[in-house]
Amino acid sequence: MADVSGFVAARMRAWGVDRVFGVPERTVDALVAALHSGRFGLEFVQTRHAESAALMACAHAKLTGRAGCCLAASGVGTLHLLTGLYDAALDRRPVVAVVGVEAPSYGTKRRRRTVRALELSAEVCEFAEVVSEPSLMGDALDRAFRAALTDRGPAVVLVSRAVLESEAPGRLAGDPAALMAPVGFDPPAPRPQRQALRRAAEVLNGGRRVAIVVGQTGARASGQVVEAADLLGAGIAKTPLARDVLPDDLPCVAGVAGPLGSTVVAALLRDCDTLLLVGATDLDPGTPRRTGSQRVVSIDTEAPARRDGAVPADVEVTADIAAALDELIPLLRRKRERGWRKEVERAVEDWRAEGRTKAKRFFGAAVSPRAVVAELSERLPERSVVITDTGSAMDWWTRHLELRGGMRATLSHGLAAPGASVPYAVAARLAFPDRPVIALVGDGALQTSGLNELVTVRGHLDRFAEQPPLVFCVLNNRDRSRLTWQRRTDYRDPRLAPSGEVPDVSYAEYARLLGLAGVRCDRPGAVGDVWTDILGGKGPVVLEFVVDGETPPDWAEEAQRGHPAARSVRRLPRGRLRRLLGTVGGGLSGL
């Protein structure tokens, strides 16, 4: 390990990195060679585009809890990395990027230096630094990892080609720290303050109708959340990034909170008098809108000043979430009156039953997109990983996908990067070679950038062929469906052809052209059987469903009916409750 690139690879490995995503270029060739050598236990995954490399690194961080790593060259490489770095920044995930530059003349105004890599990186990253001397490499890399993991965001190290190709100074070459393991580095979180916990317990014990929203940073405390909900007689909602924190078959789990989320969650958060937020930093800003009598308790690892768009709370508990709940639960009193909890559970049961009924309806010859996701839910293998994209695919994933315990799910939430589900699924397959991986993607999103990374899948075909299925499920309606339904809902304008239509492409044929398996289904009665065959197989497959673009997402259907917002989930006769489930406005934005 006499060269700087070898030191960088060893240090990455010491931080728990097992693969680096990127695009080779001469400024980073020395590092690529070190990664590819096999000497350091690292894998270099070559992508078709630097944007995909950063998205894969972000997905890796979301799914594993460890820092994701990517690399690219400066100039256009920096610009392309920014999409994935913003994805990591907005969804608060640790990503470390190494950017290779030709020379340390970053301030020059020559035409070929117009892309200001440092300034662009600093705009989005928690840490951005230039390394101009080999002796500074170790310190800069360590601080980048610490910043990414502590502040939950991206970090960038810009390093010149000359530094990466140079011999490591004696201090680095013989540095035993290069082989030590900061793996398991856990950013410090303050211990919960007893006084704040007592105030939180007082508010929660005083509530008659309690709701809990759990976010992605509450994942480690899922058991405590369920225990607290049982004591408080509360219903539970999940943020989109916490989709897999709790299984959907728990009777008190009301679905996903968000502008286009569960109708039951919308009513739950409106009617509750007490709201407990557990690591819900990814709850959509500005929601829920508090009523004058509603009281809010927030438990998070960060103080409100560091949480953009945080819901104002009456009691803030800033501490390790699991530790805080462990100390809070003994202070909670089990509520004797369970009417609120029973009404929530009944509303959830009716809402899910209604969704399953809708999924069995179809008109004409095209497949219902609801049916695609509902039939998938019934057949999901244990420990599956389900990825989604932007657009209408996310609508069906949000409302009609039912996850069981041990399953994983994620998406590009804050940035909503179109086509992200394909690089996300590749990262999931590499991180979990023993799990089935399914990506739900619309045809419009797939055409933006996702098609390119199917070539990456082809490059790993020998490796993937004997692994559990890696399914790219394409909802082909030849339309930007989410955009079309938003126009229909907001402006009563059914379609604007230049921006709504998507060129008709046979995605199954494209897959076969690449040497991948491709399956096309356009018969409503065959959806279940097709899923059974695909999920019972192995290796990557592009599964194309020709779906009905005239099937409105639930939120659009509700808006078209012109129903008023939900009035209550409390004390309603069962039949009336079922009818009102179709009247809730499109989620938290209407609260």
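What counts, and at which threshold
Residues numbered from 1 in each chain as written. Predicted model: local features only at pLDDT ≥ 70, side-chain atom pairs only at ≥ 80, totals over all residues. Heavy atoms only, no water. pLDDT = per-residue confidence, 0-100. Contact = heavy atoms within 4.5 Å. Salt bridge = Lys/Arg side-chain N within 4 Å of Asp/Glu carboxyl O. Helix = DSSP H or I, 4+ residues; strand = E, 2+ residues; numbered from the N terminus. Buried < 20%, exposed > 50% of the residue type's maximum accessible area, 1.4 Å probe, protein only. Pairing = 2+ DSSP bridges. Right-handed = clockwise from strand over helix to strand, strands pointing away. Axes fitted to C-alpha atoms, helices over the stretch in contact; angles between N-to-C directions.

Moving on: the confidence of the model for the protein chain. Taken residue by residue, the protein chain gives an average pLDDT of 86. The fraction at 70 or more is 84%. Note that residues 563-567 has pLDDT below 50 and, in this model, 15 contacts with residues that lie over four places away or in other chains. Low confidence marks residues 570-591, where pLDDT is under 50. Its contacts with residues over four positions away, or in another chain, come to 67 contacts.

We now examine the pattern of salt bridges. Applying the stated criterion to the full structure yields 32 salt bridges. Close ionic contact of Arg-209 with Asp-273 constitutes a salt bridge, the shortest N to O distance being 4.0 Å. Residue Arg-209 is found in the loop between α9 (194-206) and β7 (210-214), and its partner Asp-273 is found in the loop between α11 (263-271) and β10 (274-278); the two are separated by 64 residues along the sequence. Across the pair, Asp-273 and Arg-209 agree in class, each one buried. What emerges from the salt-bridge pattern is a single network uniting Asp-18, Arg-19, Glu-43, Arg-66 and Arg-463.

Let us look at unusual backbone geometry. Of note, Arg-152 is a non-glycine position whose phi angle comes to about 55 degrees, a positive value. Structurally, Arg-152 is set in the loop between α6 (137-151) and β6 (154-160). Its relative accessible area of 10% is what places Arg-152 among the buried residues. With phi around 55 degrees, Ala-416 is a residue other than glycine that occupies positive phi space. Residue position: Ala-416 is located in the loop between β14 (408-410) and α16 (421-431). The partly exposed category is assigned to Ala-416, whose relative accessible area is 33%.

To continue, consider the pairing of β7. Looking down a regular strand, the side chains alternate between one sheet face and the other. Within β7, 5 of the 5 residues are buried, leaving the element largely enclosed by the surrounding structure. Here 4 bridges tie β7 to strand β8 (residues 235-238), and the two strands are oriented parallel to one another. In the sheet register, Ala-211 faces β8, and the bridge partner there is Gly-235. In this region the chain leaves β7, passes through helix α10 (residues 222-232) and returns to the parallel neighbour β8; the handedness of that crossover is right-handed.

With that settled, the discussion passes to the pairing of strand β17 (residues 517-521). As judged from the 5 bridges shared by β17 and strand β18 (residues 540-546), these two strands associate in the parallel manner. Its bridge partner lying in β18, Gly-518 is registered against Val-542.

Before going further, it helps to spend a moment on the environment of Val-98. Inspection of the secondary structure puts Val-98 in strand β4 (residues 95-101). When the C-alpha positions of Val-98 and Val-20 are compared, they lie 9.8 Å apart, and in sequence the two are 78 residues distant. Excluding its chain neighbours within four sequence positions, the residues that come into contact with Val-98 are Met-12, Leu-31, Cys-70, Leu-71, Ala-72, Val-157 and Val-159.

Time to look at the sheet that holds β6. Strand order in the open sheet made by the 6 strands is β2-β1-β3-β4-β6-β5, with parallel pairing throughout. Looking along the sheet, the strands with just one partner apiece sit at the ends: β2 (43-46) and β5 (127-131). In this sheet, neighbouring strand axes are inclined to one another by 20 degrees on average, regardless of whether the strands run parallel or antiparallel. Where strand β1 (residues 19-22) meets β2, 4 bridges bridge the pair, whose relative direction is parallel. Counterpart to Phe-21 in the pairing with β2 is Val-45. Along the sheet, α6 makes contact with β3 (68-73), β4, β5 and β6, crossing β5 at roughly 170 degrees.

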